[in-house]
Each structure stands twice: as structure tokens, then as C-alpha cells.
Protein chains: 2
Amino acid sequence: MIRNRHIKLAAYLVGTGMHVASWRHPHAQADSSIDIDYYKRLAVLAERGKFDMVFIADSLAINEESHPNILNRFEPITLITALAGATSTIGVVATASTSYAEPFNLARQFLSVDHISKGRAGWNVVTTRDLSGNTALNFGREEHYDHTFRYQRAEEFVDVVKGLWDSWEDDAFVRDKESGRFFERNKLHRLNHKGRFFSVQGPLNIGRSRQGHPVLVQAGSSASGQNLAARTAEVIFSIKYNIEDAKAFYRSLKEKAAAFGRSPEDVRILQGISPIIGETEEAARATQKLLESLITEETGLRFLADYFKGVDFHHATLETRAADLGLDRLPETKADYKKHQPVIARENPTLRELYSLLTGSFSDDSLVGPPEKIADTLERWFTERAADGFMIMAPLLPDGLADFVNHVVPILQRKGLFRTDYDSDTLRGHLGLPIPPHRLALSENKHHVEKTLTSRHRW
Amino acid sequence: MIRNRHIKLAAYLVGTGMHVASWRHPHAQADSSIDIDYYKRLAVLAERGKFDMVFIADSLAINEESHPNILNRFEPITLITALAGATSTIGVVATASTSYAEPFNLARQFLSVDHISKGRAGWNVVTTRDLSGNTALNFGREEHYDHTFRYQRAEEFVDVVKGLWDSWEDDAFVRDKESGRFFERNKLHRLNHKGRFFSVQGPLNIGRSRQGHPVLVQAGSSASGQNLAARTAEVIFSIKYNIEDAKAFYRSLKEKAAAFGRSPEDVRILQGISPIIGETEEAARATQKLLESLITEETGLRFLADYFKGVDFHHATLETRAADLGLDRLPETKADYKKHQPVIARENPTLRELYSLLTGSFSDDSLVGPPEKIADTLERWFTERAADGFMIMAPLLPDGLADFVNHVVPILQRKGLFRTDYDSDTLRGHLGLPIPPHRLALSENKHHVEKTLTSRHRW
């Protein structure tokens, strides 16, 4: 299939952009995180750019130090439903956590959006990292579930959801007005799941969609996260700061998927990048510097002191270098720090740059510059199998996405690396992913398959 | 306010209509319960009719005997989000249960839809009746929560949700690019709720909407249901089959609301009706008879045998009269039967008619006929204070709603009983309901109020 050899593109939509100070930029609309017309314009822009999908991240709690774009924002499932209505072709992917929801409710909502969007929905499965320290407290618990527990629960949660999505066979609804038979009773299936975490009988009160199931997306970077992704995800989203790490991750995940009996072609790996595009190298650098200059001393240092507990920031300013405070050689106790430590050691950033990095916006040299340079970087990562595509996490919105659509996409199209128009109208179609067959269509012995599926999680 | 003296109208949208055999009618689109374009057309039709709101009911489980319209249908919150995008002015109300969800998640989704719709959302609070016998089994429980427990939980659930909706004061977000101050820290409030059922710290990661909070809708008919409604609901939805019962309910609910310190004007009571409209009385009767004739013996008798367990239906047909099986004088063990028993005793319906009644579609004589007759009935109920308005639960869709919009609404408008155009663009505005002040704006002693609110549910 020719389309499998194209770069896949996702647009990460979040208010004024990934950069923590982006809302202060002169081009930013400071209340955009809660402006539905703004989000609709971004989705239409991404669709004009022939992107595969727009993507909405999430968290379940905030505190006073949270990124301004997440303090007051739309809930992702309702947001992608609205974005589906404002577009016609692009996929819409929402993040939802397996840690504080019922699988029946989530299965229902995602399949509902999939029908509403006519086969364009995706679910980004997360177990929720507790960045704010408040998550558990919003859900009747004192402590957030630990990492191991969360991933064990997530494995079972995803299986239950997929099972519920197959409550009805594709041709179950005959709707024969003449005979009065609305559906075929033998094509309605209860899941009868009884596992360690969940007991869910079913059936779900909604049938399969045009694309069978919503597309499953994940971003697990830990061992158990990669395991869940390799077993169940169809799109895997990762952030690596150099091509060698990205290639190693890509190879490893494809192998892991194969070990689960899956075709490596059925797993798309997208690298998250934060390009800063300018007419010239200098113009792009200036945008980057401007964003960093908008970080206030107070906000930046308060965040860092909270992040690096035990380190003394009293005499630091945002121009202090990370190594001067020993931040390049702390014990690797925090998952996040572990991920960033190599970059900190290599670049010895100022605290200003470090703050940008830790809050999710970091633009590697190869991704700051004119459109041709960005396109060359993407081409290299794609052709060297460091990625099947990219999640564009623009530091500044809408500028970053508009620049990418208007200036980088046409270059990728001229290079033959990206579609010039959609050749399908479902998210699976864009991604070149197969429609998952109904679980009972996999075997002639339906009874046997049902039993196997439901006993997987008995402990 | 003049608009308070107008009839309020809600359109109950459900696939091919309330009647259990409606999907077999020649005018019915049999797959409409899962066709988003169909639902959008219905919402646009209701908006053309200047209705206050469209309304989506729900259940959390199905079985083989369920109404065909609920076997394969949209989840309500995602559905109203889509309908908000297809309309500009009408309110959109979704049902969601307090029994199997987290208050933080529901609070978030409803406030999100309220922002997406720019102040047109409402939440129909239900505790979920277990009509299918399967509800608990979809949520890891063996038995559905009992009635008393459900309502105690619902009382606290609603208070938590309302508290979360006030996490941010209206002017909390200053977004001052110059100073770098995004919000005022003293206008962000944690709920710190610790009660019998829930511990929820907050804050919610979304601020108040144009209408303050989504509108709260309820339909409790039991004593505890009425209590919850009188204390918290802004729209109360009820089904009474004669004007005297409706007047008694209306008076009683308004008094109960007053006893909670609320203005009776701040509670709108809508009666659910299933009119059948024809050019002539005979044409309307023919539609009613056609719908009833579409019930199959097998389906109808199986449902009734399941509903009236212990009664022998072996020698019955759908033309058998209820009294011949003693169905007018059974012990009142079932809440549903208790509600319908007076109608059964009075009308002695055939089993065919009884089946229509029990599955939610019953059209009183005064509501079957030409548009003038329907309008006269509504006028009488409205002016005699049996209702502030009506929920139109058409037995057959889209016909029933189209007939009402095209033929009954103009008569109500000529009578001066109904708006000729919208004079607001929020659901609260249409209903003449006040914007709820922020809970901390109620008192100068903020600390005191917060403590009172959170200790209400300590047991």
C-alpha cells in the first residue's frame, strides 16, 4: 500500500502552544484554551494541511504551578466531538485515563464519538502521571496508584473496552420492518468479563463503527508502558531528542509488537517534535529566544524548586547554568528527570532553557530554522526509520502549526513524502491500519474464543 | 419577566420515537438511533420551532427485550456536544447517572459542553433505574444500588459537582501578558469535600461558563426523588396522565422548593406528553392504531410476561384486556406498576395498548387529534398551573416533532403562549432562570461558607 510509505502527521492542540510562556507572546490569544472557535480553527487548519489527526492531551488535576494552558480547558472527549463536527476528514484523538474511570463508560463514549465522526476517532490510553500531586485527591483516594498497579489495571481495562466494542457483530442489526425482527439474537454478545480489576458483563449499547474500533494510541515510555503499547496500541507516540535514541526505540517497539504476534506495519510510531519555523535561521532563533525571555523569574524558579526538591535555588537566576547547581548529576529517582538527564548533561542549559524543557517544549537545533531545514530533518528521521511520522507540538500556537502547514507540508509533498490529498475518510484509512475484525469472526469456534478472552485476567 | 409567562418546550429525541414499534412505521428511518445526521436534523427542527431545549435520555444497560431505539445509540454527553455544533441557540440536555461515575469526571464534561455550546448545556441528573436487570453487572457489582442509597449518593454527588463548578471565580483569569500574571491566586478555590460517599479536593480544571453552571434537570417521582429535585433541580420533568394529578404535583413541588429557601419561579416543571397529531381526529387515531398494530405478538407478550412475573400469559393475545388477567389489581410491588396501575384500572387497555403504555408511549385522548386540540390541551394545562411547559415525547419521529413544530407551535404563538423568536442565547436565558452566583460570592466570610459546604455530608 503506497500510503503506508507516507509520513503520518498529528497536530497536538493545546491553547497557546507547548511553551509554558507562550500565552505571553504578542501573537498568542491568551484565553485560547477555553475558546471553542479557536480550537475549531486549529482543526480546520490541520485538515487543510492533510494531517492524519489532531491530538488532545490531558491531566486530571492541576495546582497553582500548572502550565497556564491546562488550568482552564476543555475535557478531551467532548472537545474532539466538537472538532469532529467542524471538520470532515481528519482524525480526532482524545486522551483518557484508565486509572479513574469505568471501562463501560469510556468504551461507550469513544465508540459514540467514533460514530459521530463517522470513523475518525482515536483513544490515547494513559494511566495518568501525577504531576500536580493532586490527582488521587480528586477521586476519593489519598495516594495515586503506583506505576505497576496502574499498568496492570490498564492492560485489563483496554481488553475490556475492546471486548465491549465487539458486543454486536457488524451485521447484527437487520431492522426488518416486515417481520418485526430488529436484530439477530445470535449476533449480540455479552462479554462476561471477570478479572482482577473489573467485572463487566455487557453488552455495550452501541455497535461497531465504520472503522470497526476507534484507533488506540499510547505513549508509554517505561518498560510496562512499552509492553502495553506493543501489545495493544496502533499509534505510539514518543519524544526522543536525538535520532539514534529514536531509531533504537523504533526498532525495539516494532520487535516487541512482532513478539505479540502483530505485524510491525500495524503499529505507527510518531515522534513528538517542537519545531520553530522562521523565514531564516535567525528569525527562528529570535522566536525561540523571545519565548524564553517571557518566562518570569518567579514562575520559573518556583517550578524548578518544586521539581528538584532538596536543591537550593536561593542564589540562582534563570541565567544560571544547570551544571552550576549539579542538576546534570542528580540521582535518577524521578521518571521525568531520568528521561531528561542526558539532555541536561549534554547541553548544560540555563535554568530558563531547562524550565522550557521540563514543561514540554524543547526544540533541538535541527528543528529550529527555515522550512527546508525542518523538512530535511523529518525526511532523515523518516527514511532512516526513526519514525513513521511526527506529532507536531508547536511551542507557539496558532503560529507554529500555521507555519508548518503553509511552509513545511508543501516541501514534504514535493519530496513525495506526504499525501497531497486524503485518499480515505477514516482515521484508520489515513494511517493505513486494518479494520479490526470482530473478535468472534477470528475463529469458527466462537464459544472457545469467548472463554479464552475472559479468562486472561483471572489471577 | 415576560418570558417567564411563556410555555417552555423540550424535545425528547430518541431514534424513531417513543413508541416501541415506531421503527416499523413506513415513515421511520429504522437505523436513526445511530445516525448523527438524523439527530442533527431533529435538533435543527426543534430550534426552528424555538424550543428551549433538546433532551437525551439514557440507560446504562440493555437486554434482548430492550426498546430497539436504545440497543445501538449514542452516548448522551457526546451526542449533545455534536448537537450543539449543529445549532446556534437551542439548549442541549443530556442524561447522566450519579450511580456509576466519578463526580470530578462528570463535572468536567458537563462544564466543558457548556463552554463548547457557549452556555446552552444542561445535565439531567438520574440515579438509574435498572430496567434491564443488567446495570450493576456492567460496573463490577452484583446488585444495583437500592433506591435509598442511590438518592443519598445523588444528593452528595450533585453538591460536589456544583462545588467543583465554582473552582474559579468569574474574574479569576486576568491573563496579563505584561506582568506575566495569568490568574489571581486568591480566586482559585479547592473544594476540599469530604463526605460519606466522596472525597474530592479540586480544583476543577475548567472555569464557569457564560450561564454560570449547566442547568440542572431532574425527573424524580419518588419521595426522595422529589426531595432532590426540589432542593437542586432547575427543570423538573414529570409524566402525569391527568390534569388533576399534574396540578397536585406542580403545587407540591413548588412548595417543596420554597421550603428549601428557593423561589418557586426558579424551578420549571415540564410535563412529558406524547401527542399524536393529524389533520383530523380520525387521521390522528389512524396513526395511533397503525403504531399499535406494528407490535408483534411475540415481542409484546414476552415483554409483558417478563414485566408481570408470576402472571400466566400462555392463553393471552395482544387483544386480551388487562382486567381479564387481573393486571388492574396486582400488589403494588413495582415502582413502575404503581405509577401505571390507576391508568390500567381506568382504561382496561388491551395488552397491545398496555405494552405501549409500559414502554413509555401513551397518548391520552386529549392529546390525539388535530393541532388545535393539542394546543388547547397545552393551554389548559399551562394556564391552570399543571405545568410550566412540556417535554414533547413524540411516539413517532421525525413526524411527531415536525407536526408539532409546523402546526402546534404557530397556534401557541398566536395565542401569545410561546415565543415567536429567541430573546436569549443561553439555556438559562430561554428558561428565565438566574445565573447561579459563585458560591463564595454569597457571603463576605468566604472561609465560613467553604466550611459549611464541605461539612454538610459528614456523617
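Residues numbered from 1 in each chain as written. Chains lettered and ligands numbered in written order. Predicted model: local features only at pLDDT ≥ 70, side-chain atom pairs only at ≥ 80, totals over all residues. Heavy atoms only, no water.

A. Here's a closer look at the overall build of chain A. Assigned secondary structure in chain A consists of 15 helices and 14 strands. Its C-alpha atoms put chain A at 80 × 50 × 40 Å along the principal axes. Expressed as a percentage of its 459 residues, the buried residues of chain A come to 63%. The contacts in chain A between residues at least 6 apart in sequence include a share of 76% that link residues at least 24 apart. A total of about 17,100 Å² of accessible surface is found on chain A, and carbon and sulfur atoms cover 50% of it. Charge separation in chain A, taken as the distance between the mean sites of 58 positive and 60 negative side-chain charges, equals 6 Å. (Helix = DSSP H or I, 4+ residues; strand = E, 2+ residues; numbered from the N terminus. Buried < 20%, exposed > 50% of the residue type's maximum accessible area, 1.4 Å probe, protein only. Contact = heavy atoms within 4.5 Å. Areas by Shrake-Rupley, 256 points an atom, 1.4 Å probe, with all protein chains shown as cover. Lys, Arg positive; Asp, Glu negative; His and termini not counted. Charge placed at Lys NZ, Arg CZ, Asp CG, Glu CD.)

B. Local environment of the domain arrangement of chain A. All names here are of chain A. In terms of domains, chain A is made up of domain 1 (2–275 + 363–455) and domain 2 (283–358). Each partner contributes residues to the interface: domain 1 has 18 residues there, and domain 2 has 18 residues. Buried surface at the junction of domain 1 and domain 2, summed over both partners, amounts to about 1,600 Å²; 58% is from carbon and sulfur atoms. When residues of domain 1 are sorted by the area they lose upon contact with domain 2, His19, Glu65 and Tyr241 head the list and together hold 34% of the total. Inspection of the domain 1/domain 2 interface yields 2 salt bridges. The residue Arg285 makes a salt bridge to Asp365 at a minimum N-O spacing of 3.1 Å. At the boundary of domain 1 with domain 2, the tally comes to 4 residue pairs in polar contact (both at pLDDT 80 or more). Partitioning the side of domain 1 that touches domain 2 into residue classes produces 7 nonpolar, 6 polar and 5 charged. (Domains from an automatic or database assignment. Buried area = accessible area lost by both parts, 1.4 Å probe. Salt bridge = Lys/Arg side-chain N within 4 Å of Asp/Glu carboxyl O. Polar contact = N/O pair within 3.5 Å; in protein donor to acceptor, adjacent residues only side chain to side chain. Nonpolar A, V, L, I, M, F, W, Y, C, P; charged D, E, K, R; others polar.)

C. Seen up close, empty space enclosed by the protein. Residues and elements named next belong to chain B. Taken as a whole and judged by the stated rule, the model has 3 cavities of 30 Å³ or more. Taken as a whole, the largest cavity spans an internal volume of roughly 60 Å³. Lining the largest cavity, in full, are Tyr12, Leu13, Val14, Ser33, Tyr39, Ile56, Ala57, Arg73, Phe74 and Leu79. Of the residues contributing to the lining of the largest cavity, the split by class is 8 nonpolar, 1 polar and 1 charged. Volume-wise, the second largest cavity comes out at about 40 Å³. (1 Å grid on protein atoms, 1.4 Å probe; cavity = no way out; pocket = protein on both sides within 12 Å on 5 of 7 lines; lining within 4 Å. Points joined across faces, edges and corners; volume = space filled by probe spheres on them.)

D. Examining the UniProt feature "binding site: FMN" (unreviewed entry) in chain A more closely. Residues annotated in UniProt with the feature "binding site: FMN" (unreviewed entry) correspond here to Asp58, Thr95, His147, Tyr151, Ser221 and Ser222 of chain A. Once residues lying within four places of it in the same chain are set aside, the contact partners of Asp58 of chain A are Arg73, Pro76 and Thr95 of chain A together with Arg108 of chain B. Within the local environment of Asp58 of chain A, its side chain forms a polar contact with the side chain of Arg108 of chain B, the two groups lying 2.7 Å apart. Note on placement: Ser221 of chain A falls in the loop between strand E9 (215–218) and helix H6 (223–232). Among the residues examined, Ser221 of chain A registers a relative accessible area of 47% and is labelled partly exposed. (UniProt positions renumbered as here; feature names shortened; annotations may be inferred.)

E. Focus on the relation of the copies chain A and chain B. With an RMSD of 0.0 Å, the operation that places chain A on chain B is a rotation of 180 degrees combined with a shift of 0.0 Å along the axis. In short, the pair behaves as if placed about a two-fold rotation axis. Take the interface residues of chain A: 100% of them recur as interface residues in chain B, which is what a same-surface contact looks like. (Least-squares fit on C-alpha atoms with pLDDT ≥ 70 in both.)

F. Region of the structure containing the packing of aromatic side chains. Residue and element names in this part refer to chain A. Under the definition given, this model contains 46 aromatic pairs over all chains. A ring pair is formed by Phe149 and Phe197, whose centres lie 5.1 Å apart and whose planes are at 90 degrees; its orientation type is edge-to-face. With Phe149 in helix H5 (residues 147–165) and Phe197 in the loop between strand E7 (193–194) and strand E8 (199–200), this residue pair connects regions lying 48 residues apart in the sequence. (Phe/Tyr/Trp six-rings, centres within 6.5 Å; stacked < 30°, edge-to-face > 60°.)

G. The arrangement of the interface of chain A and chain B in detail. Each partner contributes residues to the interface: chain A has 74 residues there, and chain B has 74 residues. For the pairing of chain A and chain B, the buried interface totals around 6,400 Å² over both sides, and the portion due to carbon and sulfur atoms is 53%. There are 8 salt bridges connecting chain A and chain B. The set of elements that each furnish at least two residues to the side of chain A that touches chain B consists of helix H1 (36–48), helix H2 (68–71), helix H3 (76–86), helix H4 (103–116), strand E5 (173–176), strand E6 (181–183) and E8 of chain A. When residues of the side of chain A that touches chain B are assigned to their parent elements, the largest contribution, 8 residues, is made by H4 of chain A.

H. Quick peek at the sheet that holds strand E4 (residues 121–126) of chain A. Residue and element names in this part refer to chain A. The strand order around the closed barrel built from 8 strands is E1-E2-E3-E4-E9-E10-E11-E14, with neighbouring strands paired in parallel fashion. Put simply, the sheet's adjacent strands are angled 25 degrees from each other on average, direction ignored. Pairing of strand E1 (residues 8–12) with strand E2 (residues 53–56), which is carried by 3 bridges, proceeds in the parallel orientation. For Ala11, the partnering residue across the bridge sits in E2 and is Val54. (Pairing = 2+ DSSP bridges. Axes fitted to C-alpha atoms, helices over the stretch in contact; angles between N-to-C directions.)

I. Quick peek at the packing of helix H8 (residues 281–293) of chain B against helix H11 (residues 351–358) of chain B. Residues and elements named next belong to chain B. One can describe the packing of H8 onto H11 by two numbers: an axis separation of 10 Å at closest approach and a directional angle of 95 degrees. What the angle tells us is that H8 and H11 run roughly perpendicular. Note on element contacts: H11 touches H8 through Arg352, Glu353 and Ser356, opposite Lys289, Glu292 and Ser293. Among the residues making up the contact of H8 with H11, the classes are represented as no nonpolar, 2 polar and 4 charged. (Parallel < 35°, antiparallel > 145°, perpendicular 65-115°, else oblique.)

J. Looking closely at the pattern of salt bridges. On inspection of all chains with the given rule, the structure shows 63 salt bridges over all chains. Among the ionic pairs, Asp171 of chain B bridges to Lys187 of chain B, the shortest N-O distance being 3.0 Å. Highlighted residues: Asp171 of chain B in the loop between helix H5 (147–165) and strand E5 (173–176) and Lys187 of chain B in the loop between strand E6 (181–183) and strand E7 (193–194), separated in sequence by 16 residues. A relative accessible area of 43% places Asp171 of chain B in the partly exposed class. Of the residues examined, Lys187 of chain B reaches a relative accessible area of 18% and is grouped as buried. Within the structure, one salt-bridge network assembled from shared partners comprises Glu65, Glu298 and Arg302 of chain A together with Arg185 of chain B.

K. Spotlight on the sheet that holds strand E4 (residues 121–126) of chain B. Residue and element names in this part refer to chain B. One closed barrel holds the 8 strands; their spatial order is E1-E2-E3-E4-E9-E10-E11-E14, and the pairing between them is parallel. Taking the axes of each pair of neighbouring strands and ignoring which way they run, one obtains an average angle of 25 degrees across the sheet. Relative to strand E14 (residues 389–392), strand E1 (residues 8–12) runs parallel, the two sharing 4 bridges. Across the sheet, residue Leu9 finds its bridge partner in E14, namely Phe390. The strands touched by H5 within the sheet are E4 and strand E9 (215–218), with E4 carrying the most contacts at an inclination of about 160 degrees.

L. Inspection of unusual backbone geometry at higher detail. That bond from Leu397 of chain A to Pro398 of chain A is cis: its omega, 0 degrees, falls within 30 degrees of zero. Turning to its location among the elements, Pro398 of chain A is positioned in the loop between strand E14 (389–392) and helix H13 (399–414). Here the bond from Gly202 of chain B into Pro203 of chain B is cis, since omega is 0 degrees, no more than 30 degrees from zero. Secondary-structure assignment places Pro203 of chain B in the loop between strand E8 (199–200) and E9. The backbone phi angle of Lys118 of chain B is positive, close to 60 degrees, even though this residue is not glycine. The residue Lys118 of chain B is located in the loop between helix H4 (103–116) and E4 in this model. With a phi angle near 75 degrees, Thr128 of chain B is a residue other than glycine that sits in the positive phi range. Structurally, Thr128 of chain B is set in the loop between E4 and H5.

M. Structural detail: H4 of chain A. All names here are of chain A. Between the first and last C-alpha of H4 there are 20 Å, a value that for 14 residues agrees with the 20 Å anticipated at 1.5 Å per step. A large share of H4 lies buried, amounting to 13 of its 14 residues. Phi turns positive one or two residues past the end of H4, at Lys118, with a value near 60 degrees. (Expected span 1.5 Å × (residues − 1).)

N. Highlighting the side chain of Thr95 of chain B. Residues and elements named next belong to chain B. Structurally, Thr95 can be placed in strand E3 (residues 91–97). Exposure remark for Thr95: the relative accessible area of 3% places this residue in the buried category. Side-chain polar atoms of Thr95 contact the backbone oxygen of Ile56, separated by 2.7 Å. Polar side-chain contacts of Thr95 include one of 2.9 Å to the side chain of Asn124.

O. Looking closely at the pairing of strand E2 (residues 53–56) of chain B. Residues and elements named next belong to chain B. Of the two faces of E2, the one carrying Met53 and Phe55 and the one carrying Val54 and Ile56 are both buried. In terms of handedness, the path from E1 via helix H1 (residues 36–48) over to E2 forms a crossover that is right-handed. When E2 meets E3, the two strands line up parallel, connected through 4 bridges. Of the residues in E3, the one forming a bridge with Ile56 is Ala94. (Right-handed = clockwise from strand over helix to strand, strands pointing away.)

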